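# Fold and contact review
For reference, the chains in residue letters:
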Amino acid sequence: MNQQNPAKGHPSQDLAAPDGQAGVPTHFTDPGHPEHQPRQSDLHPAANKRAERQVVLLFAVSVLGTIGFLVAYFAVPPGETVASMRQSNLLLGLGLFLGMFGIGAAVVHWAKSLMNSEEKAEDRHTLRSSDETRAAAVEMLREGAQDSAIGRRGVLKGAMVSALLLAPLTVVVPLVGNVGEDWDVSKFKSTMWRKGMKLTIDPSGRPIKASDLTIGSVFHVIPEGLEDTEHPLDEKAKAVVLLIRLDPRDLTEAEDRKGWSYDGIVAYSKICTHVGCPVALYEQQTHHLLCPCHQSTFDVADGAKVLFGPAKRPLPQLPIEVDDEGYLIAQSDFTEPVGPSFWERLK
Ligand code: FES
């Protein structure tokens, strides 16, 4: 049964209950839309003007955010210290946030406060609408375009165009800025580890003795003298190591790696061979080392072989020994590139 909806004048959609059991209504009347409530900006020209100014302001926030991003990009480079890197990231993030947020908030506010808010309903019958409905939809769109009044709101149009034109610079400038950077990937094939270099605790730089490690303990390790290098953060990103002590009876060592560990102490690159996240979750009972990014799991007791996940090769092992004073030292650099297997293809 079809009824005319008294509120909106649309035919109602009646829903029949399956078999009309006693007490169960067989039909529901379409309640239709609630009465349209005009907004302040519909009723008062001053409120409409105020909403327009707010939208302009939000676009202006976006413009300022984008400009701030560009200023921070050039004026506050990341530098060589963690503090300067954090400061640069904070400013870039703030600029990016304001640049994007301003546009999003302006568009939403514009749509909610300035565009036509009349409810429109289209009763659904066949999937393809009738020609009349399609013509009505086109008419609605045309009305919507007219309601946006973009042609008459010059300042608003200017603010929107400025914000939209400037916002892509937050992506383009860093990309273009990197053109000409040093893309020589050969530097990723080696790290600063050398024969006799002490293993020191990250970040204090205190050398470690084999006797400092009990079975099951894990240390995050960097090479001695890292802070004195020209680019300590770059060097650290490649050279960080996880030092783990196992019961020597649990350790399986490949023939060509005999002598790379010391009394159950093994050292593996901390850089995941999948896409380079730091692997840091060690499960003492199973000797499994987990990468938190995509769950690659490595077997510390067996050459850090991959047990699970997308990584394609074991974590590179750093050959270690102890010096005369009992300090742990490297026997050499890693014998293969650390990090993503991508570098292997460049050999
Ligand atoms: S980066 Fe480690 S699993 Fe993806």
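Within each chain, residue numbers correspond to sequence positions counted from 1 in written order. At least 70 in pLDDT is required for a residue's local features to be given in this predicted model, at least 80 for side-chain atom pairs to be given and counted, and no such filter applies to totals for whole chains, interfaces and linings, which use all residues. Hydrogens are left out, water is left out, and the side-chain values use all remaining heavy atoms of the structure.

An unreviewed UniProt entry annotates the chain as Cytochrome bc1 complex Rieske iron-sulfur subunit of Pengzhenrongella frigida. UniProt positions are given in the numbering used here, feature names are shortened, and annotations may be inferred rather than shown by experiment. According to the UniProt record, the Subcellular location (unreviewed entry) comment for the chain is "Cell membrane". Turning to the chain, the UniProt annotation filed under Sequence similarities (unreviewed entry) states: "Belongs to the Rieske iron-sulfur protein family."

### Section: helix 5 (residues 154-166)
Helical segments are the DSSP runs of H or I of at least four residues, strand segments are the runs of E of at least two, and each set is numbered from the N terminus. To estimate how far a helix should reach, multiply one less than its number of residues by 1.5 Å. Helix length check: helix 5 (13 residues) gives 18 Å between terminal C-alpha atoms against 18 Å at 1.5 Å per residue, within 8%. Buried, partly exposed and exposed residues are distinguished by accessible area as a fraction of the type maximum, computed with a 1.4 Å probe on protein chains only: under 20%, between the cut-offs, and over 50%, respectively. Listing the buried residues of helix 5 in full gives L156, A159, M160 and A163. With its buried residues spanning 95 degrees around the axis, helix 5 presents them on a single face. Whether two residues are in contact is decided by their heavy atoms: any pair within 4.5 Å suffices. Where the residues of helix 5 are buried, they touch helix 2 (45-75) and helix 3 (82-113). Within this analysis, the arc is defined by the directions that extend from the helix axis to the C-beta atoms.

### A short note on the packing of aromatic side chains
Working definition: rings of Phe, Tyr and Trp (its six-membered ring) pair if their centres are within 6.5 Å, and the pair is stacked with planes under 30 degrees apart, edge-to-face with planes over 60 apart, and tilted otherwise. In total, this model carries two aromatic pairs according to the counting rule given. For the pair Y73 and F74, a centre-to-centre distance of 5.1 Å together with 90 degrees between the ring planes defines the contact as edge-to-face. Of the residues examined, Y73 reaches a relative accessible area of 22% and is grouped as partly exposed. Among the residues examined, F74 registers a relative accessible area of 59% and is labelled exposed. Geometrically, the ring pair formed by F97 and F101 is stacked, given 5.3 Å between the ring centres and 20 degrees between the ring planes. Of this pair, F97 and F101 both sit in helix 3, separated by four residues, roughly a single helical turn. You can call F97 partly exposed: its relative accessible area is 47%.

### Looking at the packing of helix 2 against helix 5
Two measures define how a pair of helices packs: the angle their axes make with one another and the distance between the axes. Helix 5 packs onto helix 2 with a crossing angle of 25 degrees between their chain directions and a minimal axis gap of 9 Å. One finds that helix 2 runs roughly parallel with respect to helix 5. As for how helix 2 packs across helix 5, the hand of that crossing is left-handed. Contact with helix 2, carried on its side by E52, V55, V56, F59, S62, V63 and T66, involves V155, L156, A159, M160, S162, A163 and L166 of helix 5 and no other residues of that element. Lines fitted to the C-alpha atoms define the axes, with helices restricted to the stretch that makes contact. Angles between their N-to-C directions range from 0 to 180 degrees. Comment on the angle field: the value is read as roughly parallel under 35 degrees, roughly antiparallel over 145, roughly perpendicular from 65 to 115, and oblique elsewhere. Crossings are assigned a handedness: left-handed for a near helix turned anticlockwise from the far helix by less than a right angle, right-handed for a clockwise turn.

### A short note on the nonpolar core
Buried together is how nonpolar side chains tend to be arranged in soluble globular proteins. What makes a nonpolar core is a set of buried Ala, Val, Leu, Ile, Met, Phe, Trp, Tyr and Cys residues whose side-chain atoms join them at distances within 4.5 Å. Core analysis: the largest hydrophobic core is formed by 25 residues, its most contacted members being W193, I208, V221, L243, L318, I320 and L328. Looking at this core, the elements with two or more residues in it are strand 1 (199-201), strand 2 (218-223), strand 3 (241-245), strand 4 (265-269) and strand 10 (328-330). For this core, the element with the most residues is strand 2, which contributes three residues. If we ignore the near neighbours within four places in the chain, the residues touching I208 are L199, T200, I201, L213, F219, V221, L243, G326, Y327 and L328. Residues F298, V300, A304 and L315 belong to the second largest nonpolar core, which totals 18 residues.

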